[in-house]
Amino acid sequence: VLPVVFLFLLGVIWFGRAFNIYATIQQAAQQGAITAARPPCATCLQTSTGFALTSSVDTAVKAVMQAANLDLRQVSPGPITCTTSTHNFTVCQGILLPVANLNQQPLPCGTPPYASTQICGAIVTFQYKFQMPLPYTSLNLSSITLTAQAQSRMEN
């Protein structure tokens, strides 16, 4: 009975850790999207060059992940192709929201036919590889790739 109880407890611990990591990377992506959607200064105009730098988005995401002691080497770019930061966070700025399908390239703001009623913003997405090692061995039973995605609209 003890091996079964041990495996059950181990499964609960692994699931709890995976859920904790997922919540943390979602929060990191949200902070990055908020940073990406805001202008770098209060008097800057919202133009194609009026967005926060990718390095400041990278810093915002990295700060949340480092606070939770997550390994930044496990991060890979998200499924869409936009600007990729130093730590492999994918950042898209000046795009139409909401982005429902990450398998398609997001449309830039001002795309017809509804240019005046569109919601423009930014999206940050990345993937994190969570490995579940078996304690006291060198075995890795499996790894799970968790995807974080967050969108934030630009303020006028």
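Higher on the page you've got the structure.
Residues numbered from 1 in each chain as written. Predicted model: local features only at pLDDT ≥ 70, side-chain atom pairs only at ≥ 80, totals over all residues. Heavy atoms only, no water.

Q: Explain the side chain of Thr125 residue by residue, including any values.
A: By secondary structure assignment, the location of Thr125 is in strand 4 (residues 119-133). Since its relative accessible area comes to 0%, Thr125 is described here as buried. Of note is the side chain of Thr125, whose polar atom sits 2.9 Å from the backbone oxygen of Ala148. (Helix = DSSP H or I, 4+ residues; strand = E, 2+ residues; numbered from the N terminus. Buried < 20%, exposed > 50% of the residue type's maximum accessible area, 1.4 Å probe, protein only. Polar contact = N/O pair within 3.5 Å; in protein donor to acceptor, adjacent residues only side chain to side chain.)

Q: Give me helix 1 (residues 2-37): which residues, what numbers.
A: Because each turn of an α-helix spans 3.6 residues, side chains separated by three or four positions in sequence point in the same direction. The terminal C-alpha atoms of helix 1, which comprises 36 residues, lie 52 Å apart, in line with the 52 Å expected from a rise of 1.5 Å per residue. Restricting attention to buried positions, one finds in helix 1 the residues Leu10, Trp14, Ala18, Ile21, Thr24, Ile25, Ala28, Ala29, Gly32, Ala33, Ala36 and Ala37. (Expected span 1.5 Å × (residues − 1).)

Q: Describe the nonpolar core, with residues and values.
A: Ranked by size, the top nonpolar core spans 29 residues in total, and within it Ile25, Val61, Met65, Val124 and Phe126 carry the most contacts. Secondary-structure elements contributing two or more residues to this core are helix 1, helix 2 (54-67), strand 4 and strand 5 (140-153). Looking at this core, the element that brings in the most residues is helix 1, giving ten residues. Beyond its immediate chain neighbours, meaning those up to four positions away, Ile25 contacts Met65, Leu70, Phe126, Tyr128, Leu146, Thr147 and Ala148. Counting six residues, the second largest nonpolar core, distinct from the first, contains Ile80, Cys92, Ile95 and Ile123. (Core = buried A, V, L, I, M, F, W, Y, C linked by side-chain atoms within 4.5 Å. Contact = heavy atoms within 4.5 Å.)

Q: Hey, could you go over the state of the cysteines for me, with residue numbers and the actual values?
A: All chains considered together, the criterion is met by one disulfide. Here Cys82 pairs with Cys92 through a disulfide, and the sulfurs are 1.8 Å apart. Its S-S torsion of about 100 degrees marks the bond between Cys82 and Cys92 as right-handed, since a negative value means left-handed. On the criterion of sequence distance, the pair formed by Cys82 in the loop between strand 1 (75-77) and strand 2 (83-84) and Cys92 in strand 3 (residues 90-97) is long-range, its members being ten residues apart. Judged by relative accessible area, which is 1%, Cys92 ranks as buried. (Disulfide = S-S within 2.5 Å.)

Q: Residues and numbers for a nonpolar patch on the surface, please.
A: Among the surface-exposed residues, Val1, Val5, Phe8, Leu9 and Val12 lie close enough to one another that they form a single nonpolar patch of about 530 Å² accessible area. By the element assignment, Val1 lies in the segment before helix 1. (Patch = residues over 30% accessible without salt bridge, like charges linked within 9 Å, V, L, I, M, F, W, Y side chains within 5 Å. Areas by Shrake-Rupley, 256 points an atom, 1.4 Å probe, with all protein chains shown as cover. Salt bridge = Lys/Arg side-chain N within 4 Å of Asp/Glu carboxyl O.)

Q: Explain the environment of Phe19 to me, and be specific about the residues and the numbers.
A: Following the sequence through the fold, Phe19 ends up in helix 1. Residue Phe19 is classed as exposed on the basis of its relative accessible area of 54%. Residues Phe19 and Leu146, 127 residues apart in the sequence, show an inter-C-alpha distance of 9.7 Å.

Q: Quick rundown of unusual backbone geometry? Include the residues and the values.
A: With the exception of glycine, the majority of residues adopt a negative phi angle, and the majority of peptide bonds are in the trans configuration. Even without being glycine, Asn69 reaches a positive phi, approximately 60 degrees. Summarising the element assignment, Asn69 is placed in the loop between helix 2 and strand 1. For Asn88, which is not a glycine, the phi torsion comes out positive at approximately 70 degrees. The residue Asn88 is located in the loop between strand 2 and strand 3 in this model.

Q: Summarise the packing of aromatic side chains; cite the residues concerned and give the values.
A: Aromatic ring pairs are defined here through the distance separating the ring centres and the angle between the ring planes. Applying the stated criterion across every chain, the model contains one aromatic pair. Residues Phe89 and Phe126 carry aromatic rings whose centres are separated by 4.9 Å and whose planes lie at 65 degrees to one another, so their mutual orientation is edge-to-face. With a gap of 37 residues between them, Phe89 in the loop between strand 2 and strand 3 and Phe126 in strand 4 connect regions that are remote in the sequence. (Phe/Tyr/Trp six-rings, centres within 6.5 Å; stacked < 30°, edge-to-face > 60°.)

Q: So what's going on with the pattern of salt bridges? Residues and values would help.
A: For the coordinates displayed, the defined rule picks out one salt bridge. Of the charged contacts, one joins Asp71 and Arg73 as a salt bridge, the two residues approaching to 3.0 Å between their closest N and O atoms. Judged by its relative accessible area of 71%, Arg73 is exposed.

Any link to function would need more than the numbers given here.
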